[in-house]
Amino acid sequence: MEFANSIFLWGLLAVPLPVLLHLFFRRRKAKVAFSTLQFFQQRKRYLAHRRRLREILLLLIRTLALLCLVLALSRVLFQSMPYALSAKTNAVIILDDTLSMDRKIGSGATAFELASQKAEEVLDTLSEGDGAALVFVSGRQGLAMTRKRQLVRQQLENARVTGGTGSYSAALKQAVSYLASAGNPNREIYVLSDFQRNQAPSKPVELDAVKGLRIYFLPVSGTLENLSVENLKLSPRPQMVNKRLSIPYTIRNHGENARDTEVSLTVGTETRNTVTVTVPAGEATEGHFDYVPDRAGFLSGAVKITDRHLELDNCRTFTVNVCENIRVLLLESDILSRVRPFHFLKLAIDPGEGEALNGIQTEQGFVQELAPKELEKHHTVVMANPQPLSTQTAALLTHYMVSGGTVIVFAGTDVDDKTFASFEDKRLQHLFGAKQQADFNGLQFKGPLNALNALLQMDLLKWQRIHELTLSPSAVVMAESRGHVVMAEEKVGAGSFIACAFSCRRDYCNWPELKSFPIAMIHLLTYAAHDPQQNTGAACGALLRLTALSPADTHIALSHSDGMLFRIPVEKGEAVFADTWQPGVLTAERAAPRCIAINPVPAESDLACMGSGKMTDIVAASVTVLKTDAGVESQIRTYRQGSDLTGFFLFLALVLLLLELVVGNTYLLSGRRAETRTGKEAE
Amino acid sequence: MSSPTHTALLTPRTLDTLKNIEMVARAMVEGTLTGLHRSPYHGFSSEFSEYRKYCPGDPVKHVDWVAYAKTDRYYVKQYEDETNTRTYVVLDRSGSMALGSAKSHKFHYACYLAAAFIYLMHRQKDAVGLFTYSDKIHTYFPAQCSRVHMLSLLSHLEGLVPEGRSDAAPCFHRIAEEVHRRSIVLVFSDFFDMNSAFIQSLRHFQHKSCEVILFQVLDPMELEFPFRGLIEFRDLETGEILELESDDCREAYLTDIRRYVQNMKQLCGRMNMSFETLSTGTAFDRALLAYFHKREKLF
């Protein structure tokens, strides 16, 4: 409770005046012996204690009336939360800059623009010496507590809606940390947001206790209608020149009305295809574009729709690394061996020297010389009769597989259950068992290679030896013979490990001599091929880690599809890029990955908002919800000062004075009416 | 309270006032002594009453021969006996009678009146008795007409002190049983205990054909209620204390007490009894004179 005109509080000294006057002029009672009291018994209402009660009541009324008058003059301000009017204030503005704030509001502006305007109004309520800070819900760098409000204004003017999502919890905690370190006694947090339902925390945010903290929510509402393009799921397999590239898309309608929209495919800067689709309310429509790249290299494009309600999620970008051939690395493990383990395999898949007649280009390497960069260049790694792997090699291969690569291992005479013991994945450690004698013919393809059964005659295949494969329940059998699994795939991360229970030479079976072998191997390698440079892109707000191509590089140059250029310092060969707030395509020079599609966070496209009850549950503290359609400045000043109770106290004083007139009127209460009646009767 | 002597009670001025007053009973009373009061038994005294026809058995000496000579019929003369009557003074000595100033409170005033009546009756050669009561009968003097008796009554009055609670009804019943039929009963009280039992007790007197004269002695305080401001009233009989705003309740009190006195008067009128309210502010002899003048008009 505060007093706007505290000088009038001196008037409180006059409040006991009625009591003092009463005591000063108090009447002394006379004692009289009387014959009988029977005539008074019927007149109880004239008893002195009744009059005394009335006097006390009058005294109370007069005292209260004086008190109310003094309080009214003092302008009592009732505050639900403490706020020292004479002290300085620190205010933190939490501005929601997530994707959903790009929604249109009634005036045609975006919710973010309105929120920024309201934030400036909040700043206007601060006076000289007050501190202000700016925190973005998306997690983007804001502004720490400062007394230079102009800096905050500039930051607000430069702020843009991001394509990312955000966390109220993190923003509130950031705000509290700003306030806790500041000295002013009045502490305020303003959250300007659309309070999107998807952003609601699972439980109320517990804030550190900050004395005198007031939290204001300013909800900015807008349209709930929205169409969005969901993330494009391009195939992770290598995309080849002159081969059809399928670009599947999904258009989701988050609104309550069915909508028609144009969907277009843009490659580079050129629109290649446009279709019109109808998306039912609350549902999604799927489709795909086909595009045939005519040259190798990185290709970037986008699928766009036309939706005026929220424009930032109308476009999803993609990047594709178009290759000339599938690059296969044939890894040998024994440098000194004179045996050429890949002789038959190379003849089968890449018979020419560098001509890649089958669209597969092989390169040979040694396990001992294996490097990450070498692995990233190849779509598949093949090992034949490997020696037991070192831990380092196992780790490299694991990383390669986790990031999407495929390792194909052909067994051999040196392979046993200890060959892959250095893998951390227990499924792979003992995948290969002991070799066994085999005396049977034929092979049946399964799973992804099942189509080959109709194409190839496999009964000519004669088995002499075969390794036993110990598979996990999740393993996919790709081929078997007489109940023996001869080819199986274990998924490892985004990639896989394909184990072949036979050698790719003639020492286990006669398959390498058969005509079916090259066809089966080409299919196998094509199936296994994965483009390690192909990336699915990143969500707005995510940290990007870029690897410099040369250790000598100190900076990495990045260009954004909207024209912005960035120069990122490199530390230990790696650069971290955090300014991924705007959707588009980032292209790096002399860094990997080279092209990255930055897309909005899909969850932000659903514009449904929290109700007022749910809104206040965001934080485990008392929250005041301000009205957007009214002047924020006046509301804040009212809440700071509290409710002015002058009118109430004046009214109360008036009522008390009227009551005093009624109670104090002896004509009404003392029984002198009887005198009047007697007079009339006498007449 | 100072004890009044009989000379104090009957001042020369008072006696001088009473000298020319004759108290005549309203109704004929039965008496053994010849006096001013008319006897219901027609005798043969000096005052002629009426004629009646002679009946066999009447003494021949009472036959009026003159009337026989004129009318040729036998008539017997009847005479009205003037006999002494019994008068009982009933004095309320309850605590409520102590209201008033120390020198002159209601009880003193009632004592003066009683003494005056005792003297008056003695002068008329009427037998006088005395009862004093509050919630019970304290003293009882049978009616006699000797001077010594009168002096002893006056002496007794001198020594009385008002105290105790008032409950007239049982006392009156008892007194009514003691008094002779057709007696005069003079009651001096403030009569603040009027209730149905009290009325019944008065009817008891009526039943014995007594002439009852009620003197209600009130103090000017009771009649005028001159109090101002906050007053703590103490009941003289019960000791009960009541704090009142006298200004607030004056009118209501005065209305109530007037109505009470009026009701008493009406009640007594219905029972053929005399009721007189006397204020102690008025000199008691003047009140007595006024009473007798009033009585004289009735006869």
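Because the structure is predicted, anything quoted here is derived from the model rather than measured.

### Thoughts on the sheet that holds strand S16 (residues 315-323) of chain A
Residue and element names in this part refer to chain A. The mixed open sheet is built from 5 strands, whose spatial order is S10-S16-S15-S12-S13. Each of the sheet's edge strands pairs with one partner strand only, and the pair in question is strand S10 (239-240) and strand S13 (270-279). Two elements, strand S15 (residues 297-305) and S16, share 8 bridges in a ladder whose sense is antiparallel. If you follow Val-303 over to S16, its bridge partner there is Arg-316.

### Section: helix H11 (residues 516-528) of chain A
With 13 residues, H11 of chain A extends 18 Å from end C-alpha to end C-alpha; this agrees with the ideal 18 Å at 1.5 Å per step. Contacts from the buried residues of H11 of chain A go to strand S17 (326-332), helix H7 (343-349), strand S18 (360-366), strand S19 (380-384), strand S20 (406-410) and strand S26 (495-500) of chain A.

### Some details on the nonpolar core
Residues Val-92, Ile-93, Ile-94, Ala-175, Ile-189, Tyr-190 and Leu-192 of chain A are the most contacted members of the largest nonpolar core, which totals 85 residues. Residue contacts for Ile-189 of chain A: discarding those within four places in its chain leaves Val-92, Ile-94, Leu-172, Ala-175, Leu-213, Ile-215 and Tyr-216 of chain A. Judged by nonpolar contacts, the second largest core, of 68 residues, contains Ile-118, Leu-157, Phe-192 and Ala-252 of chain B.

### What about the sheet that holds strand S33 (residues 591-592) of chain A?
Residues and elements named next belong to chain A. Read from one edge to the other, the open sheet built from 3 strands follows the order S31-S28-S33, with strand pairing classed as antiparallel. Each edge of the sheet is formed by a strand with only one pairing partner; in this case those strands are strand S31 (574-577) and S33. Pairing between strand S28 (residues 544-548) and S31: 4 bridges, direction antiparallel. From the neighbouring strand, Thr-547 faces S31, where its bridge partner is Glu-574.

### Thoughts on the packing of helix H4 (residues 106-123) of chain B against helix H5 (residues 147-158) of chain B
Residue and element names in this part refer to chain B. Relative orientation of the contacting elements H4 and H5 amounts to 180 degrees, with a least axis distance of 10 Å. The angle between the axes of H4 and H5 places the two elements in the roughly antiparallel class. Together, Cys-111, Ala-114, Ala-115, Ile-118, Tyr-119 and His-122 of H4 and Arg-147, Met-150, Leu-153, Leu-154 and Leu-157 of H5 make up the contact between the two elements. Classifying every residue of the contact of H4 with H5 by side-chain character gives 9 nonpolar, 1 polar and 1 charged.

### Some remarks on the packing of helix H4 (residues 111-124) of chain A against helix H5 (residues 149-158) of chain A
The relative placement of two packed helices comes down to the angle between their axes together with the axis-to-axis distance. Residue and element names in this part refer to chain A. Running from N to C, H4 and H5 point in directions that differ by 175 degrees, and their axes come no closer than 10 Å. One finds that H4 runs roughly antiparallel with respect to H5. In this structure, H4 uses Ser-116, Ala-119, Glu-120 and Leu-123 to contact H5, whose residues at the interface are Arg-149, Val-152, Arg-153 and Leu-156. Its residues assigned to classes, the contact of H4 with H5 shows 4 nonpolar, 1 polar and 3 charged.

### Notes on the confidence of the model for chain A
Do not read the fine detail of predicted coordinates wherever pLDDT is low. Confidence along chain A averages 85 in pLDDT terms, with 94% of residues attaining 70 or more. Predicted confidence is poor over residues 667-683 of chain A, with pLDDT under 50, and the contacts of this stretch with residues over four places away or in other chains come to 14 contacts.

Reading the values: the criteria
- Residues numbered from 1 in each chain as written.
- Chains lettered and ligands numbered in written order.
- Predicted model: local features only at pLDDT ≥ 70, side-chain atom pairs only at ≥ 80, totals over all residues.
- Pairing = 2+ DSSP bridges.
- Helix = DSSP H or I, 4+ residues; strand = E, 2+ residues; numbered from the N terminus.
- Expected span 1.5 Å × (residues − 1).
- Contact = placed C-beta atoms within 7 Å.
- Core = buried A, V, L, I, M, F, W, Y, C linked by C-beta atoms within 7 Å.
- Buried ≥ 20, exposed ≤ 12 C-beta atoms within 10 Å, placed from the backbone.
- Axes fitted to C-alpha atoms, helices over the stretch in contact; angles between N-to-C directions.
- Parallel < 35°, antiparallel > 145°, perpendicular 65-115°, else oblique.
- Nonpolar A, V, L, I, M, F, W, Y, C, P; charged D, E, K, R; others polar.
- pLDDT = per-residue confidence, 0-100.

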